[in-house]
Amino acid sequence: MENSSAWPADGIENIVRTYGNMLYRLCFVMLGNESDAEDAVQESLIKYLQKAPSFENTEHEKAWLITVATNRCKDILRFRKRHPQTDLENLRETPQFSSDSGILEALMTLPEKFRFILTLYYVEEYRIEDIAKIIGRTPSAVKMRLQKGRRLLEETFRKEYL
């Protein structure tokens, strides 16, 4: 199936229902911007529909979508670096995160490599080995990023919000 018109409508809805929120959270954490996160998710799902890959199981499918979304977010971040813009200005107004007591804001101040790892581990509940495969690093590198990310998050949260 090469073209998206070959997909049944209920199949597309199932993909969005199953993975949409998870991908949005990851993209939002990486990008810190609601509209860019929505764009990244949409483009990831379109790529999924265009490629029509087959997977061994749902975890493989989920990992593929996370990888595609992560790569799209990295493209957006590279673009931002070359074309500076303001971001995070509407963070407090985002309804999904209004009751987080400052944790999300503290998380957003961390470098992207730590934000992403912490989100995959704590929010999406991925195992260290799975995260290593997704980001193309060793499990020990993931453990080090988790350790440093936790420390940075604690320092930032204590300094800013307590």
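For the structure itself, consult the block above.
Report on the accompanying structure. (Residues numbered from 1 in each chain as written. Predicted model: local features only at pLDDT ≥ 70, side-chain atom pairs only at ≥ 80, totals over all residues. Heavy atoms only, no water.)

### Some details on the packing of helix α2 (residues 34-51) against helix α3 (residues 58-82)
Line of reasoning, step 1. Closest axis-to-axis distance for the α2/α3 pair is 9 Å, and the angle between their directions is 130°. Classified by the angle between their axes, α2 and α3 sit oblique to one another. Like other packed secondary-structure pairs, α2 and α3 cross with a definite hand, here right-handed. Taking contact as the criterion, the partners of Asp 36, Ala 40, Glu 43, Ser 44, Leu 45, Lys 47, Tyr 48 and Lys 51 in α2 are, on α3, Glu 61, Trp 64, Leu 65, Val 68, Ala 69, Arg 72, Cys 73, Ile 76 and Arg 80.
Line of reasoning, step 2. For the contact of α2 with α3, the residue count by class is 9 nonpolar, 1 polar and 7 charged. (Axes fitted to C-alpha atoms, helices over the stretch in contact; angles between N-to-C directions. Helix = DSSP H or I, 4+ residues; strand = E, 2+ residues; numbered from the N terminus. Parallel < 35°, antiparallel > 145°, perpendicular 65-115°, else oblique. Left-handed = near helix turned anticlockwise from the far one by under 90°. Contact = heavy atoms within 4.5 Å. Nonpolar A, V, L, I, M, F, W, Y, C, P; charged D, E, K, R; others polar.)

### Side note on the state of the cysteines
Line of reasoning, step 1. Inspection of every chain in the model, using the stated rule, returns 0 disulfides.
Line of reasoning, step 2. Cys 27 takes part in no disulfide bond, and the closest cysteine sulfur, belonging to Cys 73, lies 3.4 Å away.
Line of reasoning, step 3. On the basis of relative accessibility, which here comes to 1%, the residue Cys 27 falls in the buried class.
Line of reasoning, step 4. Classification of Cys 73 by relative accessible area gives buried; the value is 0%. (Disulfide = S-S within 2.5 Å. Buried < 20%, exposed > 50% of the residue type's maximum accessible area, 1.4 Å probe, protein only.)

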